[in-house]
Protein chains: 2
Amino acid sequence: MTQSARYHHGDLHDTLLQEANTLLNEQGVEGLSLRKLAERAGVSRTAPYHHFRDKNALLCALATRAFAQLDALIQRQLDTAASEPDIQAFVIEYLRFATENPEQYELMFGRTLWKSGEPTAELKAIAYRSFRHYAEGLSALLQGRLPVGTDPLRVAQASWATIHGLCRLTIDGIYVNQEDMEAVSQQAVALIMAALK
Amino acid sequence: MTQSARYHHGDLHDTLLQEANTLLNEQGVEGLSLRKLAERAGVSRTAPYHHFRDKNALLCALATRAFAQLDALIQRQLDTAASEPDIQAFVIEYLRFATENPEQYELMFGRTLWKSGEPTAELKAIAYRSFRHYAEGLSALLQGRLPVGTDPLRVAQASWATIHGLCRLTIDGIYVNQEDMEAVSQQAVALIMAALK
DNA sequence: GGGGTTATGTTGACGGTGTCAAGATAGCAT
DNA sequence: ATGCTATCTTGACACCGTCAACATAACCCC
């Protein structure tokens, strides 16, 4: 039986995720429909429903994969970091992750999944694990350099917000050009580090 | 002729914008459709097309109105600011603007308008005017307190990114709870201000 | 191997969406 | 009064997510 004529696809689950990623990068989440996906996988409109409960579930699976990459990046860059240049390097890497896959980043953090739809338990888990890794890595890095009474969690939240906000402004195309992005981030890191003894 | 039976609505343009705002706050941008809007205004499906070129144009008009409010807030809070507590107050006001109208804020800065659709010239204008007002206000405020060689524009971009990122994380429901938001912002402002002489 | 259970894939249908085309109506200026 | 133009209408089209009902194949147990 030929590959194209067989009734069962064989690996539709992964094929769908892969095609979804392609379509996401090509056209953004707006242009990602289950029907297009099914067609690209050479399968009928409703076949995907045997592998994902609904569109939200598929998008959550996609975002979960992306978070796994980001989590790996965080651990790789932050666990070996010791000085300000290391932090700068981490931030640059983070920004590149976001700007090289803007649609993916939007999906990971946007309200499509976190508000409009209900995020999967799996997605929540890895998203918060990523933040925990960041917070722990940063705390270790700034050990003894924070002013007394400064909650490391708050510093982690504030600094993530800065990086995240920069990503958002850049990939959404407002206020920060991609060429300026790294300069802005360097300024931000320098300012914060200057405040630490 | 009764109000409901007349052929011409009379003030459909503004009615649409008003209903759109209501629907946006109630159901988010996902739940905002031109057809619902038309029905609420007591008019047929395609009537709105005589007042807005397409859905994108209507959303841009909505966002433009919202930017006018934000712009007013910026000027009100920042032009009279002189010290760190004033900055804290401004940030708090900004955060409240975003968290009290999360769907509106999402629309203003989200990629729905800035990437997927083409932002109106009008929208672009007021969005950038708002940022300029912020940058100018902040520069005046920090006059002479920035380390030499520090570009005020970069500081404006970095600090806006911080505030914006905090808003995004909070209203998208990830990493920052609404109760923690103000504490995080205070930490961020304190850190940055500590770096300035 | 035969037969039943389960996983997977199919077509048909429903209500929703944005938007275009063509025609109806009303206001307004000449 | 007549014609122009703004406004509003119905009809239609191509999409979309998703449910129900049915078809096929794989797999497991006897």
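Residues numbered from 1 in each chain as written. Chains lettered and ligands numbered in written order. Predicted model: local features only at pLDDT ≥ 70, side-chain atom pairs only at ≥ 80, totals over all residues.

*Asks:* Quick one: what's the story with the overall build of chain A, residue by residue and with numbers?
*Replies:* Summing up its helical and strand segments, chain A has nine helices and zero strands in all. Secondary structure of chain A in N-to-C order comes out as α-α-α-α-α-α-α-α-α. Counting only C-alpha atoms and orienting by the principal axes, one finds that chain A spans roughly 70 × 30 × 30 Å. Within the span of chain A, comprising 197 residues, buried residues form 37% of the whole. Long-range contacts, defined here as pairs at least 24 residues apart, represent 66% of the contacts in chain A between residues at least 6 apart. (Helix = DSSP H or I, 4+ residues; strand = E, 2+ residues; numbered from the N terminus. Buried ≥ 20, exposed ≤ 12 C-beta atoms within 10 Å, placed from the backbone. Contact = placed C-beta atoms within 7 Å.)

*Asks:* Requested: an account of the relation of the copies chain A and chain B, with residues and values cited.
*Replies:* With an axial shift of 0.0 Å and an RMSD of 0.1 Å, the rotation relating chain A to chain B amounts to 180°. Taken together, the rotation and translation relating the two chain copies correspond to the operation of a two-fold axis. Of all interface residues in chain A, 100% are interface residues in chain B too; the two copies therefore contact each other through one and the same surface. (Least-squares fit on C-alpha atoms with pLDDT ≥ 70 in both.)

*Asks:* Tell me about the interface of chain A and chain B, residues and numbers included.
*Replies:* Listed by partner, the interface residues are 36 residues for chain A and 36 residues for chain B. Taken together, the elements giving at least two residues each to the side of chain A that touches chain B come down to helix 5 (102–109), helix 6 (111–116), helix 7 (121–141), helix 8 (152–171) and helix 9 (178–194) of chain A. Of the residues forming the side of chain A that touches chain B, the biggest block, twelve residues, is contributed by helix 8 of chain A. Across the side of chain A that touches chain B, the residue classes tally to 20 nonpolar, nine polar and seven charged. (Nonpolar A, V, L, I, M, F, W, Y, C, P; charged D, E, K, R; others polar.)

*Asks:* Account for the nonpolar core, naming residues and giving values.
*Replies:* Core analysis: the largest hydrophobic core is formed by 104 residues, its most contacted members being L62, A63 and L166 of chain A together with L62, A63, Y134 and L166 of chain B. When neighbours within four sequence positions are excluded, L166 of chain B is seen to be in contact with A161 of chain A together with L95, V176, M181, V184 and S185 of chain B. (Core = buried A, V, L, I, M, F, W, Y, C linked by C-beta atoms within 7 Å.)

*Asks:* I'd like a description of the packing of helix 3 (residues 55–78) of chain B against helix 4 (residues 84–100) of chain B, backed by residues and values.
*Replies:* All names here are of chain B. The N-to-C vectors of helix 3 and helix 4 enclose an angle of 165°; their axes lie 9 Å apart at closest approach. By the angle class used here, helix 3 and helix 4 are roughly antiparallel. Handedness of the helix 3/helix 4 crossing: right-handed. Listed contacts from helix 4 to L70, L73, Q77 and L78 of helix 3 are A89, F90, E93, Y94 and F97. Taken together, the residues of the contact of helix 3 with helix 4 break down into seven nonpolar, one polar and one charged. (Axes fitted to C-alpha atoms, helices over the stretch in contact; angles between N-to-C directions. Parallel < 35°, antiparallel > 145°, perpendicular 65-115°, else oblique. Left-handed = near helix turned anticlockwise from the far one by under 90°.)

*Asks:* Which residues make up the environment of M108 of chain A, and what are the values?
*Replies:* Residues and elements named next belong to chain A. Along the polypeptide, M108 turns up in helix 5. Note: C-alpha distance between M108 and R65 (43 residues apart in sequence) is 9.5 Å. Sequence-distant contacts of M108, defined by excluding residues within four places in its chain, comprise A63, A66 and F67.

*Asks:* Please provide a residue-by-residue account of unusual backbone geometry, values included.
*Replies:* Not every positive phi belongs to a glycine, and Y175 of chain A is a case in point at roughly 75°. Here Y175 of chain A is to be found in the loop between helix 8 and helix 9.

*Asks:* I'd love a proper account of helix 9 (residues 178–195) of chain B, names of residues and values included.
*Replies:* Here helix 9 of chain B is 18 residues long and its end C-alpha atoms lie 27 Å apart, about the 26 Å a rise of 1.5 Å per residue gives. On the buried face of helix 9 of chain B, the contacting elements are helix 8 and helix 9 of chain A together with helix 4 and helix 8 (152–171) of chain B. (Expected span 1.5 Å × (residues − 1).)

*Asks:* Go over the domain arrangement of chain A with me, naming the residues and quoting the values.
*Replies:* Residue and element names in this part refer to chain A. Taken domain by domain, chain A consists of domain 1 (1–52) and domain 2 (61–194). A separation of 31 Å is found between the C-alpha centroids of domain 1 and domain 2. Class assignment for the residues of the side of domain 1 that touches domain 2 results in five nonpolar, three polar and no charged. (Domains from an automatic or database assignment.)

*Asks:* Could you give an account of helix 8 of chain A, naming the residues involved and the relevant values?
*Replies:* Residue and element names in this part refer to chain A. For helix 8, spanning 20 residues, the distance from its first C-alpha to its last is 28 Å, which sits close to the expected 28 Å at 1.5 Å a residue. Extensive coverage of helix 8 is indicated by the burial of 18 of its 20 residues. Of the residues one or two after helix 8, G173 is the one with positive phi, at around 75°.

*Asks:* How would you explain the environment of Q27 of chain A if you had to name every residue and give the values?
*Replies:* Residues and elements named next belong to chain A. With respect to the helices and strands, the residue Q27 is situated in helix 1 (residues 12–27). Taking the C-beta count within 10 Å as the criterion, Q27 has 14 such neighbours and is therefore assigned partly exposed. Considering only alpha carbons, one finds Q27 and E103, 76 residues apart in sequence, at a separation of 8.4 Å.

*Asks:* Hey, could you go over the environment of A57 of chain B for me, with residue numbers and the actual values?
*Replies:* Residue and element names in this part refer to chain B. Within the fold, A57 resides in helix 3. By the C-beta count within 10 Å, which is 18 here, A57 ends up partly exposed. It is 15 Å that separates the C-alpha atoms of A57 and L12, two residues lying 45 residues apart in sequence.

*Asks:* So, the packing of helix 4 of chain B against helix 8 of chain B: which residues are in play, and what are the values?
*Replies:* All names here are of chain B. It is at 10 Å that the axes of helix 4 and helix 8 come closest, and there the two elements cross at 35°. Like other packed secondary-structure pairs, helix 4 and helix 8 cross with a definite hand, here right-handed. Counted together, V91, Y94, L95, A98 and T99 of helix 4 and I163, L166, C167, T170 and I171 of helix 8 form the full contact between these two elements. Within the contact of helix 4 with helix 8, the residues separate by chemical class into eight nonpolar, two polar and no charged.

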